[in-house]
Structures are given as C-alpha cells and as structure tokens.
Amino acid sequence: MVSLPARPLQTHWCSEGTVKIWCPAPALMVTCVTGVLVEAGAAAIEEVMLRRVAEEGRVLVFNDWEAMTDYEHVTRTRLTAATISVLHAVEGGHFLLQSRVVIFGVQIANTAIRKLTVHPSRAVFERALEDALRQRAPEGTI
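## Quick word on the environment of Val 118
Part 1 of the reasoning: You can see Val 118 is positioned in strand β7 (residues 116-119).
Part 2 of the reasoning: Here the alpha-carbon distance between Val 118 and Leu 133, two residues 15 residues apart in the chain, equals 18 Å.
Part 3 of the reasoning: If we skip the residues at most four places from it in the chain, Val 118 touches Phe 95, Leu 97 and Val 106.

## As for the packing of aromatic side chains
Between two aromatic rings, the relevant description is the distance of the centres plus the angle of the planes.
Part 1 of the reasoning: Tallied over the entire structure, the rule returns two aromatic pairs.
Part 2 of the reasoning: A centroid spacing of 5.7 Å and a plane angle of 70° characterise the contact between Phe 62 and Phe 125, whose relative ring orientation is edge-to-face. On the criterion of sequence distance, the pair formed by Phe 62 in strand β4 (residues 59-65) and Phe 125 in helix α4 (residues 122-136) is long-range, its members being 63 residues apart.
Part 3 of the reasoning: Ring plane angle 80° and centroid distance 5.1 Å describe the contact between Trp 65 and Phe 95, whose orientation is recorded as edge-to-face. Of this pair, Trp 65 sits in strand β4 while Phe 95 sits in strand β6 (residues 90-97), and the two are 30 residues apart along the sequence. Here the two residues Trp 65 and Phe 95 agree in accessibility, since each one is buried.

## Thoughts on the nonpolar core
Part 1 of the reasoning: Judged by nonpolar contacts, the single largest core of 28 residues is most densely connected at Met 29, Leu 37, Ile 45 and Trp 65.
Part 2 of the reasoning: At the level of elements, β2 (17-25), β3 (28-37), α1 (39-56), β4, β5 (68-71), α2 (73-85), β6 and α3 (100-113) are the ones that each hand at least two residues to this core.
Part 3 of the reasoning: With six residues, α1 is the largest single contributor of residues to this core.
Part 4 of the reasoning: Beyond its immediate sequence surroundings of up to four residues, Trp 65 is in contact with Thr 31, Val 33, Leu 37, Ile 45, Leu 79, Phe 95, Leu 96, Leu 97, Gln 98, Val 102 and Val 106.
Part 5 of the reasoning: Counting residues in each nonpolar core, the second largest holds 12 residues, with Leu 28, Phe 62, Phe 125 and Ala 132 among its members.

Thresholds applied
- Residues numbered from 1 in each chain as written.
- Predicted model: local features only at pLDDT ≥ 70, side-chain atom pairs only at ≥ 80, totals over all residues.
- Heavy atoms only, no water.
- Helix = DSSP H or I, 4+ residues; strand = E, 2+ residues; numbered from the N terminus.
- Contact = heavy atoms within 4.5 Å.
- Phe/Tyr/Trp six-rings, centres within 6.5 Å; stacked < 30°, edge-to-face > 60°.
- Buried < 20%, exposed > 50% of the residue type's maximum accessible area, 1.4 Å probe, protein only.
- Core = buried A, V, L, I, M, F, W, Y, C linked by side-chain atoms within 4.5 Å.

Here it is, written out as structure tokens:
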C-alpha cells in the first residue's frame, strides 16, 4: 500500500462523491475520487495541476479513480482541456479505474492527450506510484 500523507492537500465533498488531492513529491500529484466527479471536484483537480505546472514546470499525475462510479460530462471536457493546455509539461497520467463509464471517458480523453495509462490492477498502479515517489523524493526521505 502506498503511503500518502493522512491529510490531503485539498478535499472536495459533495452529496455525490469526494475528491482528494495530494502533492507528495516534486512535480507529482495524486487524486482519489469516490462516487461521481462533479464540476467543482474537477475544478479543484484542474487548479492544483495548473499550479504544479506553473511552479515546477512539469507534472506527473496518478488518479485512483477505482471507486469513481460516474462523472458529469463537463468534468471530462474540463480536465481534458486543462491537460491539453499544459500538455508540454505533462509527463503522464496514470489511472486505476473500475467503472465502464469512467474507463470509456478516459479512453476518449486519451485520443487527444495520448499520455494516459490505465493500470489493470491496484498492485500495478501502486507499484508505478511507488516508483514515481522513489524517483522524486528528496534524498534520504525514503
């Protein structure tokens, strides 16, 4: 199990679901969505991603969306447009997904982005995240 700080950098709650966002290492962002991703949750993800790019010049994003059941159409459009706007700085996007609707949405977004990876299992996703954390962590912290 990947060890992230107990308190996320940002959390968005609504009646349909939650979004949690961590920035555990330089140029690295982790999101966890449960339930339905609504526009306000997507706005929170977009804001943190754009801030990471502005501050660090690059970003690698891991999205634990296994418990995400659906999304508002505007959220996919918004996050895809935001990612394309800084595509030169996006190293990649990694996803853990379960819902067929969400998988389809990520596949559609990837036709434009072409930097998204859907992992087949939690173990593979977490291994990739652990590798990214190890590569980006300040010396002596892991």
